[in-house]
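Chain by chain, the residues:
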Amino acid sequence: MAHILIVTGDCASSGQLQYALYRMLEAGYYVTVAAPSRKGLFTVIDQREEGADYDTEKRGYTIWPDSTLNEVDPPRFDALLLPGWRAAEALRNLPRCMQIVHHFLASDKPIASICQGPRILVAAGVKGRRMTGLDMIKPDIIGSGNTWVDAGSEAVVDGNIVTVSRRPYYHVWMRAFLSLLKERGIKPA
Amino acid sequence: MARILIIAGDGSSSGHLGYAVNRMLEEGFEITVAAPVKKPLITVVHEMEEGMSTYVERPGYIMHADASLDEIDPFTFDALLLPGGRAPEYLRNNKRCIEVVRHFVEHDKPIGTICHGPLILAAAVKGRRMTGVDFIKPDIIASGNTWVDARHEAVVHGNIVTAWLTPYYYVWIREFLSLLKQRGIKPS
């Protein structure tokens, strides 16, 4: 059975993490949520409210990881999901997180990210790819030698990497990721 | 194209409503979120916390209602989703809401609900097997329906799909989509 890894942490977007997790379970994949430590993750409700120039944060659902980043064995997984929001800012600084992402890049396995999640990809050395994400991370994408795409409500697929802008396009994100999995013969059961 | 109606309001579960909306869009259905008033809805995060015997509530995502309950014509929809949260407690007292729900019951159109959502059904149907969050068991029984301790399985009785609670969104929607497929209700 195909096995999907979700790498996340405190301050992940509640909406993105939940949609990714439950969508993979609905499709029948085996899912492991991995975080820096094994404890309830404080996810956040990230939303640009009326009159605000940037998203505000409220405390979202608590999600329990199945494993720590140190415990996961990347070769056992067929694809990687990197939900976004502020968790990505911290995760990209963890050598173990980078090691895991390197495995998926080096073995050309599907990776999908959204919002601030692509910051993890560029920290892992991704270069020369077409990508999108939250508009605020455009400098990071360009500065790292990748090409920024103003994708709006469309997913950007460049080889094994799927990126999507932000809330509310969770459905665009998962549709493109599932379609890539299908293309590559990665089936639930 | 098949059309799905989602009835929600302030106090709807952020998780249920969010998953239902995005999942129906992912499938390619046309959706309408209808609420008592067409306005941004303040959804909620319900969660058990250590030391608490019942759940706590925090504010969730603000979700947009596309239409008011008065504006919609139930005949133009093929199926109904009723997310849970605290909203069902007051929606079941809204006459127009119950009128709309009865349309789906009488026309045997698929209805999917979860958690506190069956409170709305209990105000409109009798004699069905149902589940939901454990706290509403007295309401289900008192309304002449049969309570099922379904845990992580969905309960399907005719056109009605009910599921337990967070995090079983995927159980809820998987079963609802399977019922739509069985009845030939396709995205396009």
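First, a word on what this report is: a plain description of the structure on this page. (Residues numbered from 1 in each chain as written. Chains lettered and ligands numbered in written order. Predicted model: local features only at pLDDT ≥ 70, side-chain atom pairs only at ≥ 80, totals over all residues.)

1. Notes on the nonpolar core
Right, so step 1: Among the nonpolar cores identified, the biggest contains 125 residues, and V7(A), W173(A), I7(B), L80(B) and W172(B) are the most heavily contacted of them.
Right, so step 2: Once residues lying within four places of it in the same chain are set aside, the contact partners of L80(B) are L5(B), I7(B), V101(B), F104(B), K109(B) and I111(B). (Core = buried A, V, L, I, M, F, W, Y, C linked by C-beta atoms within 7 Å. Buried ≥ 20, exposed ≤ 12 C-beta atoms within 10 Å, placed from the backbone. Contact = placed C-beta atoms within 7 Å.)

2. Some details on the pairing of strand 4 (residues 55-64) of chain B
Right, so step 1: Relative to strand 4 of chain B, strand 3 (residues 40-48) of chain B runs antiparallel, the two sharing eight bridges. Bridge pairing in strand 4 of chain B places V45(B) opposite R58(B). (Pairing = 2+ DSSP bridges. Helix = DSSP H or I, 4+ residues; strand = E, 2+ residues; numbered from the N terminus.)

3. Describing the sheet that holds strand 2 (residues 30-35) of chain A
Residue and element names in this part refer to chain A.
Right, so step 1: Taken together, the seven strands give an open sheet; going across it, the order is 5-2-1-6-7-11-10, and neighbouring strands pair in mixed fashion. Only two strands of the sheet have a single partner each, and these edge strands are strand 5 (67-68) and strand 10 (156-158).
Right, so step 2: As paired strands, strand 7 (residues 111-114) and strand 11 (residues 161-164) are joined by four bridges and run parallel to one another. The residue of strand 11 that forms the bridge with S113 is T163.
Right, so step 3: Docked against the sheet, helix 1 (residues 14-27) engages strand 1 (3-7), strand 2, strand 6 (79-82) and strand 7, running at close to 155 degrees with respect to strand 2. (Axes fitted to C-alpha atoms, helices over the stretch in contact; angles between N-to-C directions.)

4. Some points on the sheet that holds strand 1 (residues 3-7) of chain B
Pairing between sheet strands relies on hydrogen bonds along the backbone, with the strands arranged either parallel or antiparallel.
All names here are of chain B.
Right, so step 1: Overall, mixed pairing links the seven strands, which are arranged 5-2-1-6-7-11-10 in an open sheet. Either end of the sheet is taken by a strand with one partner, and the two such strands are strand 5 (67-68) and strand 10 (155-157).
Right, so step 2: Looking at chain direction, strand 10 and strand 11 (residues 160-163) are connected through three bridges and run antiparallel. The residue of strand 11 that forms the bridge with H157 is I160.

5. Points about the environment of Y90(B)
Right, so step 1: With respect to the helices and strands, Y90(B) occurs in helix 2 (residues 87-91).
Right, so step 2: Distance in space between the C-alpha atoms of Y90(B) and K38(B) is 16 Å, their sequence separation being 52 residues.

6. Some points on the interface of chain A and chain B
Frequently, the measure chosen for interface size is the accessible area removed from exposure when the parts meet.
Right, so step 1: With 19 residues of chain A at the interface, the matching set in chain B holds 20 residues.
Right, so step 2: Those elements giving two or more residues to the side of chain A that touches chain B turn out to be helix 1, strand 3 (41-47), strand 4 (56-63) and helix 6 (170-183) of chain A.
Right, so step 3: Taken together, the residues of the side of chain A that touches chain B sort by class into eight nonpolar, six polar and five charged. (Nonpolar A, V, L, I, M, F, W, Y, C, P; charged D, E, K, R; others polar.)

7. Here's the deal with the pairing of strand 11 of chain B
Residues and elements named next belong to chain B.
Right, so step 1: Of the two faces of strand 11, the one lined by I160 and T162 and the one lined by V161 and A163 are each fully buried.
Right, so step 2: Across four bridges, strand 7 (residues 111-114) lies against strand 11 in parallel orientation. In the strand pairing of strand 11, I114 is matched with A163.
Right, so step 3: In this structure, the hairpin formed by strand 10 and strand 11 is closed by a connection of two residues, where G158 is found at a positive phi of approximately 60 degrees.

8. What about helix 3 (residues 95-106) of chain B?
Residue and element names in this part refer to chain B.
Right, so step 1: Here helix 3 spans 16 Å end to end across 12 residues, near enough to the 16 Å set by a 1.5 Å rise per residue.
Right, so step 2: Of all the positions in helix 3, only C97, V100, V101 and F104 are classed as buried. All buried residues of helix 3 project into a common sector of 95 degrees when viewed along the axis, lining one side. The exposed set on the far side of helix 3, more than 90 degrees from its buried face, consists of K95, E99 and E106. (Expected span 1.5 Å × (residues − 1). Arc of directions from axis to C-beta.)

9. Comments concerning helix 1 of chain A
Residues and elements named next belong to chain A.
Right, so step 1: Its 14 residues place the ends of helix 1 20 Å apart at the C-alpha level, agreeing with the 20 Å of an ideal helix rising 1.5 Å per residue.
Right, so step 2: Among the 14 residues that make up helix 1, 12 are buried, leaving the element largely enclosed by the rest of the structure.
Right, so step 3: Considered for burial, the residues of helix 1 that qualify are S14, G15, Q16, L17, Q18, Y19, A20, L21, Y22, R23, M24 and E26.
Right, so step 4: G28, located one to two residues past helix 1, shows a positive phi value of around 95 degrees.

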